[in-house]
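Residue-level structure breakdown
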Amino acid sequence: MFLSSDDFFVPLRHMDLNKIRMGFQDLNISKQILMALEEAGFENPTPIQEEVFSVSRSGKDLIGIAQTGTGKTLAYLIPMLMKLHYAQGVVPRALVVVPTRELVVQVCESVELLTEYMDIRCVGVYGGTNIRTQQDRVFEGVDLLVATPGRFMDIYYNGIIRTKMIKTVVVDEADRLMDLGFLPQLKSIFEVLPEKLQTMLFSATFSEAVGSLASDFLKDPVRVEVARQATPVEHVEQFRYDVPNISTKINLLKLLLADKDTYKKVMVFTETKKNADRIVERLADHWKGELSVIHSNKAQNTRLNALRAFKEGGTRILVASDVAARGIDVQDVSHVINFDIPSLAEEYVHRIGRTARAGKEGVAISFVSEIEEDRFTDIERLINQNVEILDLPEKLEISQLLLDEEQVQTNNIVYQQGKPRGGGAFHAKKAKNSYTAEDNRRNVMRKRNAKKKKK
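First, a word on scope: everything that follows refers to the structure included in this document. Each chain carries its own residue numbering, running from 1 in the written order of its sequence. Where totals are concerned, whole chains, interfaces and linings use all residues; where local detail is concerned, this predicted model gives features only for residues with pLDDT of at least 70, and gives and counts side-chain atom pairs only at 80 or more. Excluding hydrogens and water, the side-chain values take into account all heavy atoms of the structure.

Once that is clear, we can look at the overall build of the chain. Secondary structure summary: the chain contains 16 helices and 15 strands in total. Exposure is judged per residue with a 1.4 Å probe applied to protein chains only, and the accessible area is read against the type maximum: over 50% gives exposed, under 20% gives buried, and values in between give partly exposed. Residue burial in the chain is summarised as follows: out of 455 residues, 53% are buried. Contacts: residue pairs with any heavy atoms within 4.5 Å of one another. Sequence separation of at least 24 residues holds for 78% of the intrachain contacts in the chain that already meet a minimum separation of 6. Calculation of accessible area relied on Shrake-Rupley with a 1.4 Å probe; when residues are assessed, cover is drawn exclusively from the protein chains displayed. When the accessible surface of the chain is totalled, it reaches about 21,600 Å², and 48% of it is carbon and sulfur. For the purposes of this entry, the term helix denotes a DSSP run of H or I that reaches at least four residues, the term strand denotes a run of E that reaches at least two, and both are numbered from the N terminus.

Turning our eyes to something else, we now look at unusual backbone geometry. In the Ramachandran plot, His85 falls in the positive-phi region, its phi being about 70 degrees despite a non-glycine side chain. Counting through the fold element by element, His85 comes out in the loop between α4 (72-84) and β3 (94-97). Non-glycine residue Asn384 carries a positive phi angle of around 60 degrees. Relative to the assigned elements, Asn384 resides in the loop between α15 (373-383) and β15 (388-389).

Side chains carrying opposite charge are able to pair once their charged atoms draw close together. Note on definitions: salt bridges are taken to be side-chain nitrogens of Lys or Arg within 4 Å of carboxyl oxygens of Asp or Glu. According to the stated counting rule, one finds 16 salt bridges in the structure shown. Here Arg176 and Glu347 are joined by a salt bridge, their closest N and O atoms 3.0 Å apart. Placement of the pair is Arg176 in helix α8 (residues 174-179) and Glu347 in helix α14 (residues 345-352), with a sequence separation of 171 residues. Of the two residues, Arg176 and Glu347, neither departs from the other in class, the shared state being buried. Close ionic contact of Arg223 with Glu225 constitutes a salt bridge, the shortest N to O distance being 3.1 Å.

Neither face of strand β6 (residues 168-171) is exposed, since Thr168 and Val170 on one face and Val169 and Val171 on the opposite face are all buried. Pairing between strands is defined by DSSP: at least two bridges between them are needed. In this sheet, strand β7 (residues 198-203) lies alongside β6 in parallel orientation, the contact comprising four bridges. Among the inter-strand pairings, Val170 is bridged to a residue of β7, identified as Met200.

With that settled, the discussion passes to the side chain of Thr163. Mapped onto the secondary structure, Thr163 falls in the loop between α7 (149-157) and β6. In contact with Thr163, other than residues within four places in its own chain, are Phe152, Tyr156, Val192, Leu193 and Pro194.

This part covers the packing of aromatic side chains. Aromatic ring pairs are described here by two measures, namely the spacing of the ring centres and the angle between the planes. Classification of ring pairs uses Phe, Tyr and Trp, with its six-membered ring standing for Trp, and accepts pairs whose centres are within 6.5 Å; under 30 degrees between planes counts as stacked, over 60 as edge-to-face, and the remaining range as tilted. Enumeration over the complete set of coordinates arrives at seven aromatic pairs. Aromatic side chains Tyr156 and Tyr157 sit 5.9 Å apart centroid to centroid with 65 degrees between the ring planes, which places their arrangement in the edge-to-face category. Tyr156 gets classed as partly exposed once you look at its relative accessible area, which sits at 25%. Residue classification places Tyr157 among the exposed positions, given a relative accessible area of 60%. Ring geometry for Tyr348 and Phe376: centres 5.9 Å apart, planes at 85 degrees, overall edge-to-face. Residue Tyr348 is located in helix α14, and its partner Phe376 is located in helix α15; the two are separated by 28 residues in the primary sequence. Phe376 matches Tyr348 in its accessibility class, with the two residues each being buried. Three or more aromatic residues joined by ring pairs form one cluster here, namely Phe152, Tyr156 and Tyr157. Between Lys249 and the ring centre of Phe339, over which it is positioned, the NZ or CZ distance is 5.6 Å. The ring centre of Trp287 lies 5.7 Å from the NZ or CZ of Arg316, which sits over that ring. Our definition puts a charge over a ring when NZ of Lys or CZ of Arg is within 6 Å of the ring centre and also within 35 degrees of the ring normal.

A few words now on helix α3 (residues 47-58). Given the number of residues in a helix, its expected span is that number minus one, multiplied by 1.5 Å. Between its first and last C-alpha atoms α3 spans 18 Å; for twelve residues at 1.5 Å apiece the expected length is 16 Å, and the two agree. Among the residues trailing α3, Gly59 stands out with phi positive, at a value near 85 degrees.

A sheet is described by the order of its strands in space; here seven strands give the open sequence β11-β12-β10-β13-β14-β9-β15, paired in parallel fashion. Each edge of the sheet is formed by a strand with only one pairing partner; in this case those strands are β11 (291-294) and β15. Examined bridge by bridge, β11 and strand β12 (residues 317-321) share four bridges and lie parallel to one another. Each bridged residue has a counterpart across the sheet, and for Ser292 the counterpart in β12 is Leu318. For helices, the axis comes from a line fit to the C-alpha atoms of the stretch in contact; other axes are also lines fit to C-alpha atoms, and the angle between any two N-to-C directions lies between 0 and 180 degrees. Helix-sheet contacts for helix α12 (residues 273-287) involve β10 (266-270), β11 and β12, and the interaxial angle to β11 is about 170 degrees. The sheet contacts of α14 involve β9 (236-242), β10, β13 (335-338) and β14 (362-368), and relative to β13 the element is tilted by about 155 degrees.

Further remarks concern the environment of Val169. Position of Val169 among the secondary structure elements: in strand β6. In sequence terms Val169 and Tyr76 are 93 residues apart; their C-alpha atoms lie 9.9 Å from each other.

A word on the nonpolar core. Counting residues in hydrophobic clusters, the biggest one holds 42 residues, and the most contacted among them are Ile78, Val96 and Leu144. Elements that contribute at least two residues to this core include exactly α2 (31-40), α3, α4, β3, α5 (101-114), β5 (144-147), β7 and β8 (222-225). The element that contributes the greatest number of residues to this core is α4, accounting for eight residues. As used here, the term nonpolar core means buried Ala, Val, Leu, Ile, Met, Phe, Trp, Tyr and Cys residues forming a set that is joined through side-chain atoms within 4.5 Å.

Shown next as structure tokens:
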């Protein structure tokens, strides 16, 4: 049975965001880590970092609810590394569990940054690559192990990982782990861990599944929340274009990306791997040397090289399926473009969180087709705001071509440049306050009747 926060949380702690912000030097952080932070250009902790440091040092279990881009990786790494202090023994003393190989790499990179003046050994393990190489590295000695759930258990069952010395565990992106079906592996991991340890769980949203996980494996956790669940990043300007089909979306993408002075560093998100490859194929003639692509069908080295090229400025445009929406920390992304609207409204928040990081400004643009309108309405309800609709550019070529997956649509809407004239039903926004439970009931009944007619 799912328990509410009142059933198993100690009182919620919120940051007073109006108080004078502390510098890292005010938080009693070790000299070695302070030197590394200063060298990397970090001056002030984020709100989640200020709160997590004190709770983590107390040894209490913790749940951190924070939107993407708020700095939660450093929030748990800094106190964890201070606790580890220096390399000792050969078995891991701390464990970080994340949902994707990209996040394993990112966490390990953050550890490398923070331990510039320390000798702590961090090893990352994840699927899709040679398990023997990873096992050899673990066997040689590790202080902090960063792992995806499946690969952790694979290596554990091979007798390589010994867990008796693990005193600190972090479960990062818990909501994403639940979405990807990792609950059985997480349960297996906790079964082989010592009873006495500190567990910290971080999530952008607090779903029923995350709450159930917390109640099963955390003891009297302190809950730290620095923003309303699923709140979009504060400094992101959000816009949408209403676009009839995929081919026109690609034409619009070409038109926007041609303005290199404005679109300096762009992440383009798709719902499907097919669309990611399709975009790269159609754009390659224009910007082949400026394009990177990552999705789950790409080989591991290909994905890591693509992400590295984008991070380091070797490419200007990164096309990605939602595998890259969570946790990937790339600085100075000027624009996020939602080529497809995600089926889960929460993913929209994670996507647009790739821009406007560390207090900087950013822009998120969504291409919305008629069949995606309901999805975008869900997004606007979630974020509690209406996203401004932009007129289609005058130079945009409106394609009449429907791809195979679009043939099932019946679309009598006429799309045009500029503001819609008579009959622009798709362009007219639904009034949020007029949507009632009765409207929802009628909508459900309409869909059911349509299915019966098909049968």
